[in-house]
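# Understanding the architecture of this molecule
Residue-level listing of the chains:
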Amino acid sequence: MLLAEKSTGHLVEISDIKVLYDPNEQEVTGSVHYGEEAQDPEPIAKSKLAFPSGEPLPVCWTDPDYRQK
């Protein structure tokens, strides 16, 4: 799955989508795509990611207590 870094707009290919959906995980492993090839995978905070359209990630992916609010 491709997401975008909020600050730069660079695309990030997420390695493990199950971690992305898990609200208890604060970081995902992804490869930033810019230049001619993808960079090495690195941990990236979910708070720094959004969909390429600019829409934020769903709260149920980022907040483990989202149902209690």
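Below or above, wherever it landed, is the structure these notes cover.

Thresholds applied
- Residues numbered from 1 in each chain as written.
- Predicted model: local features only at pLDDT ≥ 70, side-chain atom pairs only at ≥ 80, totals over all residues.
- Heavy atoms only, no water.
- Helix = DSSP H or I, 4+ residues; strand = E, 2+ residues; numbered from the N terminus.
- Contact = heavy atoms within 4.5 Å.
- Buried < 20%, exposed > 50% of the residue type's maximum accessible area, 1.4 Å probe, protein only.
- Lys, Arg positive; Asp, Glu negative; His and termini not counted.
- Salt bridge = Lys/Arg side-chain N within 4 Å of Asp/Glu carboxyl O.
- Pairing = 2+ DSSP bridges.
- Phe/Tyr/Trp six-rings, centres within 6.5 Å; stacked < 30°, edge-to-face > 60°.
- Core = buried A, V, L, I, M, F, W, Y, C linked by side-chain atoms within 4.5 Å.

### With respect to the side chain of Ser31
- Along the chain, Ser31 turns up in strand S3 (residues 27-34).
- Discounting residues that sit within four places of it in the chain, Ser31 has contacts with Leu11, Val12, Glu13, Ala38, Gln39, Asp40 and Pro41.

### Section: the side chain of Glu5
- By secondary structure assignment, the location of Glu5 is in strand S1 (residues 2-5).
- We note that Glu5 is buried and unpaired, the nearest opposite charge coming from Lys48 at a distance of 7.1 Å.
- Contacts of Glu5, omitting those with residues within four sequence positions, involve His10, Val12, Val32, Lys48 and Leu49.

### Digging into the pairing of strand S2 (residues 11-14)
- Burial along S2 is one-sided: the face carrying Val12 and Ile14 is buried and the face carrying Leu11 and Glu13 is not.
- Sheet topology note: the S1/S2 ladder contains three bridges and is antiparallel. Residue pairing in the sheet places Leu2 in a bridge with Glu13 of S2.
- The loop that links S1 with its antiparallel partner S2 comprises five residues; one of these, Gly9, has a positive phi angle of about 85°.

### Let's talk about the packing of aromatic side chains
- A complete count under the given rule lists two aromatic pairs for this structure.
- An angle of 55° between the planes, with centres 4.9 Å apart, marks the rings of Tyr21 and Trp61 as tilted. Taken together, the positions of Tyr21 in helix H1 (residues 17-21) and Trp61 in helix H2 (residues 59-62) put the pair 40 residues apart, joining distant regions of the chain.
- One aromatic cluster is present, built from ring pairs that chain together Tyr21, Phe51 and Trp61.

### With respect to the nonpolar core
- Judged by nonpolar contacts, Leu3, Val12, Ile14, Leu20, Val28, Val32, Ile44, Leu49, Leu57 and Trp61 together constitute the single largest core of 10 residues.
- Counting only elements with at least two residues in this core, the list comes to S2 and S3.
- In this structure, Ile44 is in contact with Val12, Gln26, Glu27, Val28, Gly30, Val32 and Leu49, ignoring residues within four places of it in sequence.

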